[in-house]
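Now for the letters of each chain:
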Amino acid sequence: MKFQVLGIKSVISSERDINKIANEFLSSIEERIKIPIEQITSPDQFSSDAIPLIYVQTGGSENLFQELLPSLPRPITLLTNGIMNSLAASIEILTYSQQNNIKSEIIHGEIEYIAKRLSELQKIHQTKQTLAKARLGVIGMPSDWLIASNVDKQKAKQKFGCDILDIDINELITFSQQEYKIDSTLIAELKKRPFAEEELKKALNIYGAIKALIEKYQLTGVTLRCFDLLDTLHSTGCIALALLNSEGIPASCEGDVPSLITMVILNSLFGEAGFMVNPSSLKIENNSMIVAHCTLPINMTNSYSLTTHFESGIGVAVKGQLPEQKAMIFKVSPNLDDYFVSEIDITSNLCETNLCRTQIEIVLKEDVRYFITKPCGNHHIISLHNNPTLITNLMNNFS
């Protein structure tokens with residue numbers, strides 16, 4: 001991955017001086033971001049796998065931009081160091097672009113700020129590419145109670161580029177009858193936590209079966225209609241999903257596709273798919289809530305134990321302790337047009353008997369009444385990374 005920079009300047013500017021300033025400016029950025037920056041001389045040299053930048057080098061370049069605009073890739077990202085009235089020209093260009101409903105922004109400031117923003121653009125570009133190549137497997141269709149969480153597969157393809165494949169849950173059930181060779185280090189780690197060996201074996205066969213399906217269908221991520229396994233396999237997918245997410249394979253519960261798309265985004269941006277939670281209770285007066293679920297990536301936890309699935313009392317679920325720190329909650333809506341994101345503080349880990357196994361209390365920066373006025377469905381995703389602005393910038397690239 002690289003940046004490609006097309007410089008635009010006034011025809012009366014000194015070519016030698018401008019080139020010297022450009023080389024020094026771009027080299028100082030490249031040194032900080034550790035990503036190649038290639039200078040090009042015409043719009044037809046932009047490649048589809050590069051991140052395009054328009055480097056406004058001087059004042060008086062507005063008309064040249066206007067001439068080039070039909071052939072420039074979108075969105076328009078203007079880079080300027082402010083020398084020779086280049087910031088003034090950039091502001092005029094930005095105003096013109098916005099008047100014509102073209103997404104655009106100016107990147108300008110100290111080198112450290114510019115480098116940070118370009119690094120964010122690199123993450124956004126990478127995530128868009130990840131989504132465009134994603135193959136998401138829905139094993140067994142969404143659970144019956146997710147009445148508001150269906151996703152239009154064609155719209156998902158148009159908006160994000162991802163393919164959504166339906167996989168018969170009977171294929172998973174058949175695969176789960178086999179025994180799989182599980183990494184010995186993983187087995188040893190799980191066995192440090194006392195649990196019935198036969199139950200753990202069944203749960204790990206489900207994990208092995210899902211991995212076999214991932215390989216068979218070349219999947220980027222999966223979502224599992226997990227409650228169907230209670231009667232057929234007398235087990236659950238909780239530990240399987242916990243392990244997959246820890247390995248960097250986004251995996252959501254209950255056939256929830258919007259949650260899976262959310263987790264794919266988080267995994268691409270931050271290397272962590274996140275903790276898929278049920279909201280359990282709200283306290284409006286202090287903008288807090290309790291969330292819980294029976295699985296989460298085990299590498300998100302300070303510590304964890306193995307227990308049974310809450311609703312059924314069978315299978316192997318995960319009770320994790322999360323670090324009490326600033327974090328983030330995020331969810332893409334089922335219609336794929338909206339989303340919710342907020343910084344949060346994880347204030348405590350709970351141990352209530354009437355909730356799913358991993359339970360935390362969080363305080364939100366955004367208004368908690370969102371959940372009881374216009375939510376993006378039931379499930380939401382907790383990430384230990386805290387960068388709502390990056391999420392917003394990414395999602396604005398799709399709208």
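Provided above is the structure to which this section pertains.
Keep in mind that this is a model prediction, so the values were computed, not measured.

Caption draft 1: View of the sheet that holds strand E1 (residues 3-8). The five strands are arranged E2-E1-E3-E4-E5 in an open sheet whose pairing can be described as parallel. Two strands bound the open sheet, and with one partner strand each, they are strand E2 (37-40) and strand E5 (104-107). When strand polarity is set aside, the average angle formed by the axes of neighbouring strands in this sheet is 30°. Of the strands in this sheet, E1, E2, strand E3 (51-56) and strand E4 (76-79) are in contact with helix H1 (residues 15-33), which crosses E2 at around 155°. Where helix H4 (residues 111-133) meets the sheet, it contacts E1, E3, E4 and E5, and its direction lies at approximately 145° from that of E5.

Caption draft 2: Layout of the pairing of strand E8 (residues 221-224). Residues Gly 221 and Thr 223 line one face of E8 and the alternating positions Val 222 and Leu 224 line the opposite face, and both faces are buried. In this sheet, E8 lies alongside strand E6 (residues 135-139) in parallel orientation, the contact comprising four bridges. Residue pairing across strands places Val 138 opposite Thr 223, the latter belonging to E8. Alignment of E8 against strand E9 (residues 251-253), held across three bridges, turns out to be parallel. Paired with Leu 224 across the strands is Cys 253, a residue of E9.

Caption draft 3: Representation of the side chain of Ser 104. Mapping Ser 104 onto the fold places it in strand E5. Residue classification places Ser 104 among the buried residues on the basis of a relative accessible area of 17%. Within polar-contact distance, the side chain of Ser 104 engages the backbone oxygen of Ile 102 at 3.1 Å. Beyond its immediate stretch of four places on either side in the chain, Ser 104 contacts Ile 76, Leu 94, Ser 97 and Gln 98.

Reading the values: rules and limits
- Residues numbered from 1 in each chain as written.
- Predicted model: local features only at pLDDT ≥ 70, side-chain atom pairs only at ≥ 80, totals over all residues.
- Heavy atoms only, no water.
- Pairing = 2+ DSSP bridges.
- Helix = DSSP H or I, 4+ residues; strand = E, 2+ residues; numbered from the N terminus.
- Axes fitted to C-alpha atoms, helices over the stretch in contact; angles between N-to-C directions.
- Contact = heavy atoms within 4.5 Å.
- Buried < 20%, exposed > 50% of the residue type's maximum accessible area, 1.4 Å probe, protein only.
- Polar contact = N/O pair within 3.5 Å; in protein donor to acceptor, adjacent residues only side chain to side chain.

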